[in-house]
Amino acid sequence: MPIVEKRYAKALIDVALTGGNSDVFQKELQYVVDIFNNQSDFKCFFLNPEVKNEIKKDTVKKLFDGKLKPEMVNFLLLLLDKGRINLLNGINKEYSELADKMKNILYMTIVSAVPLEEVQIGSIKEKYRRLHNSTAVKAELVVDKSLIGGIKVKIGDKLIDGSVKGRLEGLKQLIVEG
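The text that follows walks through the structure, step by step, so that each part is easy to find. These numbers were taken from a predicted model, which means no experiment stands behind them.

Here is what the cut-offs are and how they apply
- Residues numbered from 1 in each chain as written.
- Predicted model: local features only at pLDDT ≥ 70, side-chain atom pairs only at ≥ 80, totals over all residues.
- Heavy atoms only, no water.
- Salt bridge = Lys/Arg side-chain N within 4 Å of Asp/Glu carboxyl O.
- Helix = DSSP H or I, 4+ residues; strand = E, 2+ residues; numbered from the N terminus.
- Buried < 20%, exposed > 50% of the residue type's maximum accessible area, 1.4 Å probe, protein only.
- Contact = heavy atoms within 4.5 Å.
- Patch = residues over 30% accessible without salt bridge, like charges linked within 9 Å, V, L, I, M, F, W, Y side chains within 5 Å.
- Areas by Shrake-Rupley, 256 points an atom, 1.4 Å probe, with all protein chains shown as cover.
- Axes fitted to C-alpha atoms, helices over the stretch in contact; angles between N-to-C directions.
- Parallel < 35°, antiparallel > 145°, perpendicular 65-115°, else oblique.
- Left-handed = near helix turned anticlockwise from the far one by under 90°.
- Nonpolar A, V, L, I, M, F, W, Y, C, P; charged D, E, K, R; others polar.

### Things to note about the pattern of salt bridges
- Counted by the stated rule, this structure contains nine salt bridges.
- For lysine 93, the salt bridge goes to glutamate 97, with nearest N and O atoms at 2.9 Å. With lysine 93 and glutamate 97 both in helix α6 (residues 88-102) and four residues apart, this pair spans about one turn of that helix.
- The salt bridge partner of glutamate 126 is arginine 129, with a shortest N-O separation of 2.7 Å. Here arginine 129 and glutamate 126 lie together in helix α7 (residues 118-131), a separation of three residues that amounts to about one turn.
- Residue glutamate 126 is classed as partly exposed on the basis of its relative accessible area of 30%.

### Let's talk about the side chain of lysine 57
- By the element assignment, lysine 57 lies in helix α4 (residues 53-64).
- Since its relative accessible area comes to 13%, lysine 57 is described here as buried.
- Beyond its immediate stretch of four places on either side in the chain, lysine 57 contacts Leu77, Leu80 and Asp81.

### Thoughts on a nonpolar patch on the surface
- On the surface, a nonpolar cluster with roughly 480 Å² of combined accessible area is contributed by Ile148, Val164, Leu168, Leu171 and Leu174.
- Mapping leucine 171 onto the fold places it in helix α8 (residues 164-177).
- Overall, leucine 171 belongs to the partly exposed group, its relative accessible area being 49%.

### Quick word on the packing of α4 against helix α5 (residues 70-81)
- Taken N-terminus to C-terminus, the directions of α4 and α5 make an angle of 165°; their axes are 10 Å apart at the nearest point. In terms of their interaxial angle, α4 and α5 are classed as roughly antiparallel. Once α4 is placed against α5, the crossing between them reads as right-handed. Contacts between α4 and α5 pair Asn53, Lys56, Lys57, Val60, Lys61 and Phe64 from the former with Val73, Leu76, Leu77, Leu80 and Asp81 from the latter.
- Of the residues assigned to the contact of α4 with α5, the class counts are six nonpolar, one polar and four charged.

Below is the structure:
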């Protein structure tokens, strides 16, 4: 349901931008998600279909009133009304990506055959930060033992394959076509 999560995240960021609070909302949303993920009783309570929605909403009001911005509390109440509280993690992820995109922060995934050293990661991030004229880069690191060597970099829907395996497959394709 990433489309639904993205819609809710977009709606929340629109509300946040109206008040100039996108960073505050991001911290508050993360705070709620952390409680949701780390307190199993809390999560079970809100995901339990036998607990009436009004009780869940009253609980949100009591727990978060005064601790979170009223707009964030209303957002949580909306998720409860629409039966979407289970999407909280995905909404948080989408919100963070949207907020970072607005700050010109580049998201990338670096795939390598072996774990990379911090210097190597920093070098790769800096190269693509300059290439995409971004203010910063957030990178997810993935080890794929099927690669022989080299790296793959994924940015959005674009894949830059600098792996040995990718190069060998490219050579193979050239030989077959040639």
